[in-house]
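Each chain is listed here by its residues.
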Amino acid sequence: MVFDISTALTWILFLAMFPIAFYWYRRAWWVLVKKDYSEVALKGGKSPKNPHKFALIVGALNLLGGLIMTYAIFGVVVLGLPYETWSAIAGSTLWMKIIFDFIIRRHAHMEPWGRKKS
């Protein structure tokens, strides 16, 4: 195995999957089990008016992301998935999690359209 930039980035991606999965599992645990809604749909450091409304969605999204990331780790270590497969799984999961978190955050802080009534 030749150590070049491609190999280094592959190892960085693989090793980064462990703390990412742990962080998502921890957030799912705090939201779904401990009922701590302090980090649900934050926008600018502020919670929405009703974070419990979005708690189930955010918790399920974190749990699903953690499960898929764990599958990718398991696939590399045990199943011997090829690089293209596991990197596609990990990369797609990471980007979709970021996109869905953005959508939920924007929806939770939505303000009515039109003129502001005083």
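Above: the structure in question.
Residues numbered from 1 in each chain as written. Predicted model: local features only at pLDDT ≥ 70, side-chain atom pairs only at ≥ 80, totals over all residues. Heavy atoms only, no water.

Participant: Explanation requested: the environment of Val31 in the structure shown.
Facilitator: The residue Val31 is located in helix α1 (residues 5-33) in this model. When its relative accessible area of 6% is taken as the criterion, Val31 is described as buried. With 40 residues separating them along the chain, Val31 and Tyr71 place their C-alpha atoms 22 Å apart. Not counting chain neighbours up to four residues away, the residues in contact with Val31 comprise Asp36, Tyr37, Val40, Ala55 and Gly59. (Helix = DSSP H or I, 4+ residues; strand = E, 2+ residues; numbered from the N terminus. Buried < 20%, exposed > 50% of the residue type's maximum accessible area, 1.4 Å probe, protein only. Contact = heavy atoms within 4.5 Å.)

Participant: Which parts of the structure should I look at to understand the packing of helix α2 (residues 52-79) against helix α3 (residues 83-108)?
Facilitator: In a packed pair of helices, the relevant descriptors are the angle between the two axes and the axis-to-axis distance. Across the interface, α2 lies against α3 with an axial gap of 9 Å and an inter-helix angle of 170 degrees. Accordingly, the angle class assigned to the pair α2 and α3 is roughly antiparallel. Contacts between α2 and α3 involve Phe54, Ile57, Val58, Leu61, Asn62, Gly65, Ile68, Met69, Tyr71, Ala72 and Val76 from the former and Trp86, Ile89, Ala90, Thr93, Leu94, Lys97, Phe100, Asp101, Ile104, His107 and Ala108 from the latter. Looking at the contact of α2 with α3 residue by residue, the class counts come to 16 nonpolar, four polar and two charged. (Axes fitted to C-alpha atoms, helices over the stretch in contact; angles between N-to-C directions. Parallel < 35°, antiparallel > 145°, perpendicular 65-115°, else oblique. Nonpolar A, V, L, I, M, F, W, Y, C, P; charged D, E, K, R; others polar.)

Participant: Can you walk me through the pattern of salt bridges in this structure?
Facilitator: Close approach of charged atoms allows side chains with opposite charge to pair. Under the defined criterion, the tally for this structure stands at two salt bridges. The partner of Arg27 in a salt bridge is Glu39, with the nearest N and O atoms 3.9 Å apart. Of the two residues, Arg27 is situated in helix α1 and Glu39 in the loop between α1 and α2; the sequence distance between them amounts to twelve residues. Judged by relative accessible area, which is 16%, Arg27 ranks as buried. Between Lys97 and Asp101 there is a salt bridge; the shortest N-O distance is 2.5 Å. Of this pair, Lys97 and Asp101 are both found in helix α3, four residues apart, which corresponds to roughly one turn of the helix. (Salt bridge = Lys/Arg side-chain N within 4 Å of Asp/Glu carboxyl O.)

Participant: Looking at this model, I keep getting lost on α1. Mind explaining?
Facilitator: Three or four residues apart is the spacing at which side chains of an α-helix point the same way, because the helix has 3.6 residues per turn. Here α1 spans 41 Å end to end across 29 residues, near enough to the 42 Å set by a 1.5 Å rise per residue. At Met17, α1 shows its maximal bend, which comes to roughly 25 degrees, and the proline Pro19 appears one to four places after that position. Taken together, the buried positions of α1 are Thr7, Ala8, Thr10, Phe14, Met17, Ala21, Trp24, Arg27, Ala28 and Val31. Those residues of α1 hidden inside the fold are in contact with α2 and α3. (Expected span 1.5 Å × (residues − 1). Bend = angle between axes of the 7 residues up to and from the residue.)

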